[in-house]
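An overview of the molecular structure
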Amino acid sequence: MNTIEDVLTLTPIEALRKLAHLYVEKWPENKDYAMAVYYAGQHWVNILADSDHELAKTAKNSCFWDMIPLVCDDINKETLEQYELQPFDRDKFLKVLPYISDNPLTKRVLEIGAQNPYINKPKIEREKTLHFTDEMTVGEFCHFFDYLFDGKAEIRIIRNKRRLLNDMPIKDILNPDRMDELVLSDTMTVAEAEKKISSCFVEGCFVDIYPRNGGYKINKDMLLKDIRHLQAKLHGTFDSKLA
């Protein structure tokens with residue numbers, strides 16, 4: 001496959017394999033190129049998640065890093081751990097994208113990947129208000145915070161030493177009297193943020209902000225704004241309201 005027309009028959013799995021190998025290839029050469037490939041790859045993960053492929057369900061809750069070993073037999077997690085992700089810079093992404101590859105098909109795959117909604121979202125839109133509804137589940141709550149961590153970290157909710165299942169209604173564990181206190185500042189440490197969120201649940205619950213894959217490390221004394229894989233910048237405070 002060497003022409004732009006070939007992308008019409010390219011499956012998400014084939015595109016992901018191409019980008020996975022390109023990511024590993026470009027990392028030692030140019031980290032900006034590698035990160036651009038990564039974010040393009042994330043959009044192809046989203047495309048796979050909307051397909052009827054057997055890995056679609058896995059893709060719905062995975063990032064590009066997670067999917068690489070699943071679509072490439074020759075790339076394992078041990079290999080990927082050599083390539084720790086760098087902070088995301090939207091402007092730099094768009095600037096380097098045309099120079100990553102001369103191959104017409106690869107260029108087109110990257111261009112499609114650049115449609116990643118996160119990349120094209122105006123920065124001001126990353127300041128959001130979290131509205132709880134009766135229908136929201138624990139899993140949706142955990143992933144709602146993904147935009148703060150660009151999908152690389154989640155909030156794990158523990159109650160009585162057991163992690164709560166994703167399909168549990170979040171309303172069953174909320175403490176409405178404490179919801180007005182759920183305001184996160186970018187100068188908070190991870191531990192402080194965990195304590196603040198925990199206080200909004202019923203007694204016996206606590207939360208843990210943790211990385212979604214082995215390519216990242218989160219220390220409790222890190223400031224939220226300094227988490228190395230925190231790609232989306234926190235703007236002052238993050239407010240939530242009980243809808």
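Here is what the cut-offs are and how they apply
- Residues numbered from 1 in each chain as written.
- Predicted model: local features only at pLDDT ≥ 70, side-chain atom pairs only at ≥ 80, totals over all residues.
- Heavy atoms only, no water.
- Axes fitted to C-alpha atoms, helices over the stretch in contact; angles between N-to-C directions.
- Helix = DSSP H or I, 4+ residues; strand = E, 2+ residues; numbered from the N terminus.
- Parallel < 35°, antiparallel > 145°, perpendicular 65-115°, else oblique.
- Left-handed = near helix turned anticlockwise from the far one by under 90°.
- Contact = heavy atoms within 4.5 Å.
- Buried < 20%, exposed > 50% of the residue type's maximum accessible area, 1.4 Å probe, protein only.
- Arc of directions from axis to C-beta.
- Salt bridge = Lys/Arg side-chain N within 4 Å of Asp/Glu carboxyl O.

Comments concerning the packing of helix H1 (residues 12-26) against helix H2 (residues 31-49)
Orientation of H1 relative to H2, taken along the N-to-C sense of each, is 165°, at an axis distance of 9 Å. For the element pair H1 / H2, the angle class is roughly antiparallel. Helix-helix and strand crossings are classified by hand; for H1 and H2 the assignment is left-handed. Taking contact as the criterion, the partners of Pro 12, Ile 13, Ala 15, Leu 16, Leu 19, Leu 22, Tyr 23 and Lys 26 in H1 are, on H2, Lys 31, Tyr 33, Ala 34, Val 37, Tyr 38, Ala 40, Gly 41, Trp 44, Val 45, Ile 47 and Leu 48.

Looking at helix H11 (residues 190-198)
One turn of the α-helix equals 3.6 residues, which is why residues spaced by three or four share an orientation. All of the buried residues along H11 are Val 190, Ala 193, Glu 194, Ile 197 and Ser 198. Down the axis of H11, the buried side of the element spans an arc of 130°, and every buried residue falls inside it.

Concerning the pattern of salt bridges
Considering all chains together, one arrives at 6 salt bridges under this definition. Close ionic contact of Glu 111 with Arg 108 constitutes a salt bridge, the shortest N to O distance being 3.3 Å. With Glu 111 and Arg 108 both in helix H7 (residues 104-113) and 3 residues apart, this pair spans about one turn of that helix. The partly exposed category is assigned to Glu 111, whose relative accessible area is 42%.

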